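Next come the chains, spelled out residue by residue.
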Amino acid sequence: MSGTHHFHSKPSKTQNQSELDPSLHAHKKGDAKHTHSKQASNQNLLLIALVLTLGFSGIDAAAAYFANSLALISDAGHMVTDAAALGLALLAQIISRRLPAPQHSFGFGRAEALAAFVNSIVMLALVAWIIVEAISRFYDPHKVDGLTVTVVAAVGLAMNIVVAWVLSRDKKSVNTRAALVRVIGALLGSVAALIAGVVIQLTGWMPMDAILSILVSLLILKSIISILHESYHFLMEGVLLHINYLEVGTELKNVPGVLAVHDLYAWEMTPSFPALIGHIKIANMQERPDIMSRINAMLLNKHGIDHVTLQPEEVGEDHDHVSHEIHNEAQAANVFHDGETCYVECSSGEERYRMAYHVSERPSNKVLLCVHGLTRRGSDFKMLAQAMCKAYYVVCPDIVGRGDSDRLSNPMMYAVPQYVSDLAALVKKLGMSQVDWFATSMGGLIGMVYAAMPNSPIRRMLINDVGPRIEPEAIKRLGSYVGQPFAFANRADALDRLNEICASFGEHTPQEWESYNGPMLVQKDGKWIMHYNPDISVPFASVNPIMAKAGEMAMWHAFKQIHISMLIVRGGNSDLLSAATVAKMCKVNPYARSIEIPNVGHAPAFAKPEQIALAKEFFS
């Protein structure tokens, strides 16, 4: 992968860590903040804190035992676990300074976040134990030696103040900050123990010991959760918390010379070391140095990202992907979509492939996902996308085997479960917790299964002319043309034939048919054919009556599990979705309502203004 910061030399033979070519892991000047001198300073701070904490923890623990004080036991527990935590943090610092190795090319910086995560988990367990023990002491009071508690807590408080001051000098390391939280917890524990000792000495009221222990535990709980969230986010390679991923992608696309951006990823390789990789399309490869220079400056100045690896792709160049042809050769001279075409990585067993999706400009974080029917593609929603793009980020995928998406080697995987998996991967890439769903025919079946799953991201769904039951007449009609030979020497003849097949979609002008059905035709070997892989018909043709009945029962079960607002649209003359099925859908699921479009069969194209208005009203 060619990029902007690293020019990697390949070693001539296997090398151990000490023999690695330093150029393999060389950083530019901007990486100075990650140098070992700073890490050594952090390590010294942790070492000082460890010595002080470990030196007092034994005294504190012994005093807690003889005084029988929960507050002092809490303080002693803090001290003991702090010593272990600081030791773990120190070990993490040492590990993170190790040079990258062949098996760990990014180095060992994640050990720091791992230590912070483990420290916080241990602290949560300690807090839980203290609270449980304190509550038990309300029912079974323990006599506490107030004088011992007061003296030891005062000494512990002074020591913890010193340790906290030492650690506070490093404000950037998540590992050191996690250790600091632990020490602050111990400091508060010492304050609580001191107050408890004084109150018990003056009044003899033993419950004060337990009350203050609970109070301290609750005070430090928020800080623990914060460190847990940050370290977990880092370990899971989340986008940096201070960076808006979508904004970065938009700004990259706006850099002069960049035509498109795809496969973009941003994360922290090691703490405080943000990185970004991806692909960009440019018109002229000779302009690459200037374009990369502009990108580097923008990412560093606006987002603090200084480790960038971008693969430039010149528009029109061939791009092979895991032994698949990304595009049918027929698409070389045909562009059907407004907006940008992107790709998401998907998998089917061991096979990996890409699914194409077409997007509008992004006016907001609201996503409308438009999913097409069995033999269609994302371009079906061109008119709808133009109408909805002011309020929605409209995303129109080409389901695998169609349009610009890859083809599968196993035809039996052209089925709803695989499509659900692929669209879940797309939603994950979009980074959205909720999406609205517009689905025609097969897209509606996919949507029903996806919406019935636990934690489904679908918020609202318009189901266009499909339901859990598909009428036998429609299955017979589909089987008459899906996957059947379709090849014409003349494009006009091919379009006329396709218009005949799609006559049930409604009456359209020649211009509307061209816009709607034109993208379905591609040229290959001098013939005009359909855009999809004929193998998509294999699972469809293999269904027997028993399998169809079982599938229908499963779909009804899934439909009943959906708890989101649904609008079921039926073509008044549809042979696929009967009026009886629509009535049953609305009866078994109170979240569903329906509307019928007269003089249209299967399925309304939603290219007419009045049909688009229905969608706009539902999603508004």
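See the structure shown above.
What counts and how
- Residues numbered from 1 in each chain as written.
- Predicted model: local features only at pLDDT ≥ 70, side-chain atom pairs only at ≥ 80, totals over all residues.
- Heavy atoms only, no water.
- Helix = DSSP H or I, 4+ residues; strand = E, 2+ residues; numbered from the N terminus.
- Buried < 20%, exposed > 50% of the residue type's maximum accessible area, 1.4 Å probe, protein only.
- Contact = heavy atoms within 4.5 Å.
- Pairing = 2+ DSSP bridges.
- Phe/Tyr/Trp six-rings, centres within 6.5 Å; stacked < 30°, edge-to-face > 60°.
- Lys NZ or Arg CZ within 6 Å of the ring centre and 35° of its normal.
- Core = buried A, V, L, I, M, F, W, Y, C linked by side-chain atoms within 4.5 Å.
- Axes fitted to C-alpha atoms, helices over the stretch in contact; angles between N-to-C directions.
- Parallel < 35°, antiparallel > 145°, perpendicular 65-115°, else oblique.
- Left-handed = near helix turned anticlockwise from the far one by under 90°.
- Nonpolar A, V, L, I, M, F, W, Y, C, P; charged D, E, K, R; others polar.

Trainee: If you had to explain the overall build of the protein to someone new, which residues and values would you point to?
Mentor: The number of helices and strands found in the protein is 18 helices and 15 strands. Out of the 620 residues belonging to the protein, those deemed buried represent 51%. Counted over contacts in the protein with a minimum sequence separation of 6, partners at least 24 positions apart contribute 75%.

Trainee: Describe the pairing of strand β6 (residues 340-348), and please don't skip the residues or the numbers.
Mentor: Relative to strand β7 (residues 351-359), β6 is paired through nine bridges, and the arrangement is antiparallel. Bridging across to β7, serine 347 finds its partner in arginine 352. The turn joining β6 and β7, which pair antiparallel and follow one another in sequence, is formed by two residues; a positive phi near 65 degrees is taken by glycine 349.

Trainee: Describe unusual backbone geometry, with residues and values.
Mentor: Histidine 602 connects to alanine 603 through a cis peptide bond whose omega is 0 degrees. Positive phi is not limited to glycine here, since serine 441 has a value of about 50 degrees. Along the chain, serine 441 turns up in the loop between β10 (435-440) and α11 (442-452). Here aspartate 465, not a glycine, exhibits a phi torsion of approximately 60 degrees, which is positive. Overall, aspartate 465 belongs to the buried group, its relative accessible area being 0%.

Trainee: Before we move on, could you go through the packing of aromatic side chains and cite the residues and values that matter?
Mentor: All told, the structure shown has eight aromatic pairs when counted by the stated rule. Consider the rings of tryptophan 556 and phenylalanine 559, whose centres lie 6.4 Å apart with planes at 90 degrees: the pair is edge-to-face. In this pair, tryptophan 556 and phenylalanine 559 are both assigned in helix α16 (residues 545-560), three residues apart and thus about one turn of the helix distant. Accessibility classification places tryptophan 556 together with phenylalanine 559 in one group, the buried group. Ring geometry for phenylalanine 618 against phenylalanine 619: centres 4.9 Å apart, planes inclined by 70 degrees, an arrangement best described as edge-to-face. In this structure an aromatic cluster arises from ring pairing among Phe381, Phe438 and Phe606. Positioned over the ring face of tryptophan 528 is arginine 491, at 5.5 Å from the centre of the ring.

Trainee: Help me get a handle on the nonpolar core, residues and values and all.
Mentor: Counting residues in each nonpolar core, the largest one holds 70 residues, and the members touching the most others are Trp437, Met461 and Phe559. Those residues within four positions of methionine 461 in sequence are excluded, and the remaining contacts are Trp437, Gly447, Met448, Ala451, Ile562, Ile564, Ser565, Met566, Leu567 and Phe618. Within the second largest apolar cluster, 20 residues are counted, among which are Leu368, Phe381, Leu462 and Phe619.

Trainee: Tell me about the packing of α11 against α16, and please be specific about residues and values.
Mentor: With their axes 8 Å apart at the nearest point, α11 and α16 run at an angle of 55 degrees to one another. Viewed along their axes, α11 and α16 adopt a mutual orientation that is oblique. You can see that α11 and α16 cross each other, and the crossing is left-handed. On α16, the residues that touch Leu445, Met448, Val449 and Ala452 of α11 are Met555, Ala558 and Phe559. Among the residues forming the contact of α11 with α16, the class breakdown is seven nonpolar, no polar and no charged.

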